[in-house]
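Structural features, examined
Now for the letters of each chain:
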Amino acid sequence: MRKESEAVAEMIRGRLGTRKLAYIAADPSMWAKTGHGKGESIAETLQRHGMPMLKGDNDRKNGWQRCHELLRLAPDGLPWLTVDATCVYGLRSLPAQVSDKRDPDDVNTGGDDHWVD
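I will try to describe carefully the structure that is included in this document. (Residues numbered from 1 in each chain as written. Predicted model: local features only at pLDDT ≥ 70, side-chain atom pairs only at ≥ 80, totals over all residues. Heavy atoms only, no water.)

A few words now on the overall build of the chain. Counting secondary structure elements, the chain contains four helices and two strands. When the helices and strands of the chain are placed in sequence order, the string is α-β-α-β-α-α. Along the first, second and third principal axes, the C-alpha set of the chain runs to 45 × 35 × 25 Å. Counting all 117 residues of the chain, 20% fall into the buried class. (Helix = DSSP H or I, 4+ residues; strand = E, 2+ residues; numbered from the N terminus. Buried < 20%, exposed > 50% of the residue type's maximum accessible area, 1.4 Å probe, protein only.)

Turning next to the nonpolar core. Grouped together as the largest cluster of nonpolar side chains are five residues: Ala9, Ala26, Leu46, Met51 and Met53. Those residues within four positions of Ala26 in sequence are excluded, and the remaining contacts are Trp31, Met53, Leu54, Lys55 and Gly56. (Core = buried A, V, L, I, M, F, W, Y, C linked by side-chain atoms within 4.5 Å. Contact = heavy atoms within 4.5 Å.)

Moving on, we get to a nonpolar patch on the surface. Residues Leu71, Trp80 and Leu81 make up a contiguous nonpolar surface patch of roughly 310 Å² in combined accessible area. Tracing the sequence through the fold places Trp80 in the loop between α3 (60–70) and α4 (88–93). Among the residues examined, Trp80 registers a relative accessible area of 52% and is labelled exposed. (Patch = residues over 30% accessible without salt bridge, like charges linked within 9 Å, V, L, I, M, F, W, Y side chains within 5 Å. Areas by Shrake-Rupley, 256 points an atom, 1.4 Å probe, with all protein chains shown as cover. Salt bridge = Lys/Arg side-chain N within 4 Å of Asp/Glu carboxyl O.)

By secondary structure assignment, the location of Asp27 is in the loop between β1 (24–26) and α2 (42–48). On the accessibility criterion, Asp27 (33% relative accessible area) is partly exposed. The spatial distance from the C-alpha of Asp27 to the C-alpha of Pro79 is 25 Å, given a sequence separation of 52 residues. Of the polar contacts made by the side chain of Asp27, one reaches the backbone nitrogen of Ser29; its length is 2.8 Å. (Polar contact = N/O pair within 3.5 Å; in protein donor to acceptor, adjacent residues only side chain to side chain.)

Below, the structure written as structure tokens:
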């Protein structure tokens, strides 16, 4: 179901309760003025609703390397990255990611790679 950015902001705020986010790393395309409403980008709408937005980096090779690092155990033996059990899309998408056959330092973008983006 597609939701307007204002509804997404309210949903995030509702789930956070009193907790604060340091930032939300988002695809740089969210800062594009798409004409979705009020003359502001989706990121600007989320910021107006108190979401601390940070423009992400679309460098796939570095991102893929960082993903591999986060999947390893930290020095304290705990995982660097955890995925909530209710995040069905992430739990389905992450294991399906494979390296590109022509460039093993890159992720194969032929499949569903939106979650890892």
